[in-house]
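# Understanding the architecture of this molecule
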Amino acid sequence: MDEGGSRIRRRVSFRKRNRTSLESILAVPSTAELKPGNEEEEEEVEAGSRRRKTVGLLPVEHQDSEEDMFGDYDGFTENSFLAQVDDLEQKYMQLPEDSKHATDLVTEDLCSESIKNIKFNITTVDSFTELKTDEHINCQSGHQDVTIQPGADILYDVPSSQVLFYENLQNSSNDLGNWSTKEKELPHNCIEQPQQSDETSSKIRTSPDVNRRKSLKDHLKSAMTGNAKAQTPMFSRTKQLKETLLSEEINAAKKTIESSSGDLGPFYSLPSKVRDIYARFKGIEKLYEWQHTCLTLKSVQERKNLIYSLPTSGGKTLVAEILMLQELLCRRKDVLMILPYVAIVQEKISGLSSFGIELGFFVEEYAGSKGRFPPIKRREKKSLYIATIEKGHSLVNSLIETGRISSLGLVVVDELHMIGEGSRGAILEMTLAKILYTSKTTHIIGMSATLNNVEDLQEFLQAEYYTSQFRPVELKEYLKINDAIYEVDSRAENGITFSRLLNYKYSETLKKMDPDHLVALVTEVIPNYSCLVFCPTKKNCENVAEMICKFLSKEYPKHREKEKYEVLKNLKNISSGNLCPVLKRTIPFGVAYHHSGLTNDERKLLEEAYSSGVLCLFTCTSTLAAGVNLPARRVILRAPYVAKEFLKRNQYKQMIGRAGRAGIDSVGESILILQEKDKQQVLELISSPLENCYSHLIQEFTKGIQTLFLSLIGLKIATNLGDIYNFMSGTFFGVQQKMLLKEKSLWEITVESLRYLTEKGLLQKDTVSKSEEEFQHNFHITKLGRASFKGTIDLAYCDILYRDLKKGLEGLILESLLHLIYLTTPYDMVAHCDPDWMIYFRQFSQLSLAEQNVAALVGVPESFIWKKASGQAIKKKVDKDIVNRLYLSFVLYTLLKETNIWSVSEKFNMPRGYIQNLLTGAASFSSCVLHFCEELEEFWVYRALLLELTKKLTYCVKAELIPLMEVTGVLEGRAKQLYSAGYKSLKHLANANPEVLIRTIDHLSRRQAKQIVSSAKEIISGAT
């Protein structure tokens, strides 16, 4: 017994490399081991004895019927695993006969327990082999039925289509197929047998010992052979080598960037893989000369802030992307990219997600109600935050508050000229000013096509400036007056020269319908080339689209007919069978309108059809010029007006900048149609310089300077009058104060703003000394002030919101969502609401009694709505804003119940685009109210409620689709496809194989499939 016990506790010598010894798992301490003595000496003697014993066993070793893959060894390594099992059995064979049966059970249990760990020592085991090996080994113990529980099955959480893929993969290999055939027999052998008779039992006990060892070794050898043969499709040697090469190149690039060397590495200090990705995904194989010059500027190499300006379509974004990739991959810092609109953020997310997957960084969306504050802190991979102006500001605030602003290596601002546009410009200015003040290591890059007073911006951002007039495609500007077309020529006396007369035969009917000759102008380019027609209003867009189609020949519908039919079919699918009658008539001709009246899904589908050339003509409003990139061969401006306002130079340049597609067109053309009465103004327009940018920090009082002061004190950036004044001196407004301030000084405005915030209960004042000097007064933020600044609530509404939420606590009605929806309906949309009183009364009448009580609770009695609907006089005064807000909450409530914008649009007689914008605004405001409530303990009850409501408003789909909608690039139509195919959760998508997704889901590209899987994994990892 002592000898057997000591033998297990041996020390084994290896000729190649050390592995974890089996005795560390199997050793059972004997009486002899527990005695004191020279254990080291004893161990060495007995190790030699055991090695001799092992050699003696080899001649009787059972040879497998299969080819012996291990040669003279019993395992993959020279640490003879099976020999150690033999030794273990030898030990127990020496025990007395009466305890032999029990010993067999112990041996089998110990072996079973240890063998489960084999898979950790074998590098070539795929998921199937692991599962089957466990089944096989569990059969050896004979103490339990082999049944795999759902929770233990690695394929349990995978949809049926995914399981089918793995089955096909398994059957595709002959070797793996043979192994699978053997395994299919295992369950028959593994079922626990009925208790045998004494006679049979006696025979088993008297059988030769070697047979028992032979049986165990048989199964072990079989399992290990299967593992060795099993294919591993999940791990590619080539892929591992590529990843290693990429890692080495990134390290080399990092050293290059840190050194002052002029060597740019494979691709502007980036790995060569980046260049390959640009060639593969975007078709970019070579940079323009100006891009190379800009990237190699000394100021860029020295990480100085930079502003650069080029005409639209000049390739500005590519320079910014390369600089962002340098920051993410080489300097290992996070990057923030600020874009003006949600649609552009989503487009950029879609474009850069593939780069994140290939190069190993996260791409995170901060738009609408999306975004985590503060962002997840990651150890290895870095993050690229793509944000709207508002969300970018909130993100920077959260990084400053948590002391992580230095982790932000680079901030890129597209359309920098927007710093001079209203409240959004004020928010952008605040964001950049805070970064400049709090982080000396964060690099700022600003770009725009329309900048004039660059010197002010340079002083504000402490930046270098680079500009070029390069355009990849030549742009020719024309004006059309009556039948004559003039070319814009700066060298001419009045700025224009005659070009040609329109030569198009017009009937009398056509002349009346199309006095501006639009049909003649568009038919010169479509359907072989693309064309954009900018119209002053949304209604004009639809009318022009229909008018053009009436006079196009019958040949136009034949051009790419099947693809146009697919577009119509897809539009119906995403709109629950509904289709706009105007689009139904125009799309067969390749024509569509594009404005804010479209839903998000419709807009995206039409943009894709236009980009692919299926649609050749868009009639659109000016918002398209500042939105997603949709270039055209010819751009026509229907009139020199946006709504009723005369066109500005910046707007004009943005619109005509869409003319000319790089790599497709040799020239781009713009034609501005004007009447004789507007000729002089238009001549001034085409020759005038771009408008200057001016700070709006003061004009936007509650959204500007007051919000800034509240956040400065809340973040403890500046807490007294002197520090706040110094901060203001470094803003864009501080640079322009002499120009902008006529009546009051900056000091006076600062004092007044702080006094207002104090009176409103958002700030409190205290003194740091006995001195009564005003600039020595310290301020601290109140709970209401902190809630307002954390929730980014417009300070004009913060006290109203607090009052509404407080009143809601007195009788919050939770039988339906109506009361909560009312509390999250945006205040700033109320002024634009004009209720239809008959519809108002009809919708009110259809509510349940509890829901009607909501109206009474907020202050809108039924009698008021009824009298308004019947045209009777109202004696009792009711707050108009509350009435309008409740009407909008009816719209949202109906929308969440029906999840169909079309049906709600008909019920309330509202444009579906307006309802879409209302929904987007409500989702964003609901997120703000949630953050507001998180800072006030008294509103704890709202937190969980608003979290769920925000999700419902964000996605506006059936509850089961919400998890899928959180994935980047998945809209409602795609979510329905995935759900129908069996991908019903984020876990399903994270486990999905992109190749299976492509085959299962219609119209899904490989790039989109990879993006969906990667995004699902990212969401799951972020939640844990």
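Right above here is the structure, for reference.
Figured I'd write up the structure that's included with this text. (Residues numbered from 1 in each chain as written. Predicted model: local features only at pLDDT ≥ 70, side-chain atom pairs only at ≥ 80, totals over all residues. Heavy atoms only, no water.)

## Focus: the overall build of the chain
Quick note on the threshold: Secondary structure elements are defined from DSSP: runs of H or I of at least 4 residues count as helices, runs of E of at least 2 residues count as strands, and each element is numbered from the N terminus. The buried label applies to any residue whose accessible area, calculated with a 1.4 Å probe on protein chains only, is under 20% of its type's maximum; exposed applies above 50%, and partly exposed to all values in between. Should any heavy atoms of two residues lie within 4.5 Å, those residues are considered in contact. Method for areas: the Shrake-Rupley scheme with a 1.4 Å probe, in which residue coverage is limited to the protein chains shown.
If you tally the helices and strands in the chain, you get 48 helices and 19 strands. By residue count, 52% of the 1024 residues in the chain fall in the buried class. Put simply, 71% of the contacts in the chain that link residues at least 6 apart link residues at least 24 apart. Approximately 49300 Å² of the chain is accessible, and the part contributed by carbon and sulfur atoms is 50%.

## So, helix α41 (residues 901-908)
We apply this condition: An arc is given here, and it is the one of the directions from the helix axis to the C-beta atoms. Two N or O atoms count as a polar contact when they lie within 3.5 Å, although within protein this holds only if one can serve as hydrogen donor and the other as acceptor, and sequence-adjacent residues are included solely when both atoms are side-chain atoms.
Residues of α41 that are buried: Ile901, Trp902, Val904, Ser905 and Phe908. Summarising the axial view, the buried residues of α41 lie within an arc of 165 degrees, below the 170-degree limit, and thus occupy one face. Against the buried residues of α41 lie α26 (600-611), α37 (837-845), α40 (880-898) and α42 (912-934). Its side-chain oxygen placed 2.9 Å from the backbone nitrogen of Trp902, Asn900 serves as the N-cap of α41. Looking one or two places after α41, you find Asn909, whose phi comes out positive at around 55 degrees.

## Some points on helix α18 (residues 389-401)
How we decide: In this scheme, a helix's expected span is set at 1.5 Å multiplied by one less than its residue total.
Across its 13 residues, α18 extends 19 Å between first and last C-alpha, which sits within 8% of the 18 Å expected from 1.5 Å per residue. Here α18 has its buried residues at Ile389, Lys391, Gly392, His393, Ser394, Leu395, Val396, Asn397, Ser398, Leu399 and Ile400. Phi turns positive, to about 70 degrees, at Gly403, one or two residues after α18.

## Quick word on the sheet that holds strand β7 (residues 463-467)
We count it as follows: A pair of strands is considered paired only if DSSP assigns at least 2 bridges between the two. Angles here are taken between N-to-C directions and fall from 0 to 180 degrees, while the axes themselves are lines fitted to C-alpha atoms, restricted in helices to the stretch in contact.
Ordered in space as β3-β4-β2-β5-β6-β1-β7, the seven strands form an open sheet in which the pairing is parallel. The two strands at the open ends of the sheet, each matched to only one other strand, are β3 (362-366) and β7. In this sheet, adjacent strand axes meet at a mean angle of 15 degrees when their direction is disregarded. Pairing between strand β1 (residues 305-309) and strand β6 (residues 443-448): four bridges, direction parallel. Paired with Tyr308 across the strands is Met447, a residue of β6. Taken strand by strand, helix α20 (residues 454-461) contacts β1, β6 and β7, and its axis lies near 145 degrees from that of β7.

## Quick look at the pattern of salt bridges
For clarity, the threshold we go by: Think of a salt bridge as a Lys or Arg side-chain nitrogen and an Asp or Glu carboxyl oxygen that are within 4 Å of each other.
All chains considered together, the criterion is met by 33 salt bridges. Residues Arg500 and Glu524 are paired through a salt bridge, measuring 3.1 Å at the closest nitrogen-oxygen approach. Taken together, the residues Arg500 in strand β10 (residues 496-501) and Glu524 in the loop between α22 (518-523) and β11 (531-534) connect sequence positions 24 residues apart. Where Lys806 meets Glu938, a salt bridge forms, and the shortest distance between an N and an O atom there is 2.6 Å. Residue Lys806 is located in helix α35 (residues 798-810), and its partner Glu938 is located in the loop between α42 and α43 (940-955); the two are separated by 132 residues in the primary sequence. Overall, the relative accessible area of 37% leaves Lys806 in the partly exposed class. A single salt-bridge network, built from bridges that share partners, covers Glu401, Arg786, Lys790 and Glu935.

## Remarks on the environment of Thr442
Note that Thr442 resides in the loop between α19 (422-438) and β6. Excluding its chain neighbours within four sequence positions, the residues that come into contact with Thr442 are Asn305, Ile405, Leu408, Gly409, Leu410, Val411 and Ile435. Among the polar contacts made by the side chain of Thr442, one reaches the main-chain carbonyl oxygen of Leu408 at a distance of 2.7 Å. Polar contacts involving the side chain of Thr442 include one to the side chain of Ser439, which spans 2.7 Å.

## Topic: the packing of aromatic side chains
Selection rule: Only Phe, Tyr and Trp rings take part, Trp by its six-membered ring, and two of them pair if their centres are within 6.5 Å. Stacked means planes under 30 degrees apart, edge-to-face means over 60, and tilted covers everything else. Geometrically, a charge over a ring is one whose NZ (Lys) or CZ (Arg) sits within 6 Å of the ring centre while staying within 35 degrees of the ring normal.
Under the defined criterion, the tally for this structure stands at 25 aromatic pairs. Ring geometry for Tyr725 and Trp747: centres 5.4 Å apart, planes at 65 degrees, overall edge-to-face. Taken together, the positions of Tyr725 in helix α31 (residues 721-729) and Trp747 in helix α33 (residues 746-759) put the pair 22 residues apart, joining distant regions of the chain. Through a chain of ring-to-ring contacts, three or more aromatic side chains come together here, namely Trp837, Tyr840, Phe864, Tyr887, Phe890 and Phe908. The ring of Phe281 carries Arg280 above its face, with NZ or CZ at 4.8 Å from the centroid.

## Observations concerning the sheet that holds strand β12 (residues 591-594)
What the eight strands build is an open sheet, ordered β10-β9-β8-β17-β14-β11-β13-β12; its pairing is mixed. Bordering the open sheet on either side are β10 and β12, each of which pairs with just one other strand. Each adjacent strand pair in this sheet contributes to an overall mean axis angle of 25 degrees, direction not counted.

## Description of the nonpolar core
A general feature of soluble globular proteins is that nonpolar side chains tend to end up buried together. Note the threshold: In plain words, nonpolar cores are sets of buried Ala, Val, Leu, Ile, Met, Phe, Trp, Tyr and Cys residues tied together by side-chain atoms within 4.5 Å.
Judged by nonpolar contacts, the single largest core of 122 residues is most densely connected at Leu336, Leu432, Leu461, Phe709, Leu805, Phe932 and Tyr942. A total of 11 residues in this core trace back to one element, the largest contributor, which is α42. Aside from chain neighbours lying at most four places away, what touches Leu432 is Val413, Leu416, Ile419, Ile444, Phe460 and Leu461. The next biggest cluster of nonpolar side chains, apart from the first, holds 76 residues, and it includes Ala592, Leu617, Ala625 and Ala632.

## Points about unusual backbone geometry
At the junction of Phe373 and Pro374, the peptide bond is cis and its omega measures out at -10 degrees in the coordinates. The peptide bond linking Ile526 to Pro527 adopts the cis configuration, its omega dihedral lying at 5 degrees. Phi angles above zero are rare outside glycine, and Asn482 is one such case at about 60 degrees. Structurally, Asn482 can be placed in the loop between β8 (474-481) and β9 (484-488).

## Regarding the packing of α37 against helix α39 (residues 862-870)
Heads up, the rule is: Between 65 and 115 degrees an angle is taken as roughly perpendicular, under 35 as roughly parallel, over 145 as roughly antiparallel, and anywhere else as oblique. For any pair of crossing helices, the crossing counts as left-handed if the nearer helix is rotated counterclockwise from the farther one by less than a right angle, and right-handed if it is rotated clockwise. The classification used treats Ala, Val, Leu, Ile, Met, Phe, Trp, Tyr, Cys and Pro as nonpolar, Asp, Glu, Lys and Arg as charged, and all other residues, Gly among them, as polar.
α39 packs onto α37 with a crossing angle of 140 degrees between their chain directions and a minimal axis gap of 8 Å. One finds that α37 runs oblique with respect to α39. When the axes of α37 and α39 are compared, the crossing they make is left-handed. Here Trp837, Met838, Tyr840, Phe841 and Phe844 of α37 lie close against α39, whose contacting residues are Glu862, Phe864, Ile865, Trp866, Lys868 and Ala869. Considering only residue class, the contact of α37 with α39 consists of nine nonpolar, no polar and two charged.

## Focus on the pairing of β1
The element β1 is largely enclosed, with a buried count of five among its five residues. Side-chain alternation along β1 places Asn305, Ile307 and Ser309 on one buried face and Leu306 and Tyr308 on a second face that is also buried. Pairing geometry for β1 and β7, over five bridges, is parallel. Pairing of Leu306 across the sheet is with Glu464, part of β7.

## Notes on the environment of Val319
Relative to the helices and strands, Val319 is located in helix α16 (residues 316-330). Taking the relative accessible area as the measure of exposure, Val319 reaches 1% and is therefore buried. When residues no more than four places from it in sequence are discounted, the contact partners of Val319 are Trp290, Gln291, Cys294, Leu295 and Tyr308.

## Points about the side chain of Ser353
Relative to the helices and strands, Ser353 resides in helix α17 (residues 342-359). A polar contact of 2.6 Å, which involves the side chain of Ser353, links it to the backbone oxygen of Ile349. Those residues in contact with Ser353 that lie beyond four places of it in its chain are Val363, Thr968 and Gln1011.

## Overview of the environment of Phe646
Structurally, the position occupied by Phe646 is in strand β16 (residues 645-646). In sequence terms Phe646 and Pro536 are 110 residues apart; their C-alpha atoms lie 9.9 Å from each other. Non-local contacts of Phe646, meaning those with residues more than four positions away in its chain, are made with Pro640, Tyr641, Gln651, Gln681 and Val682.

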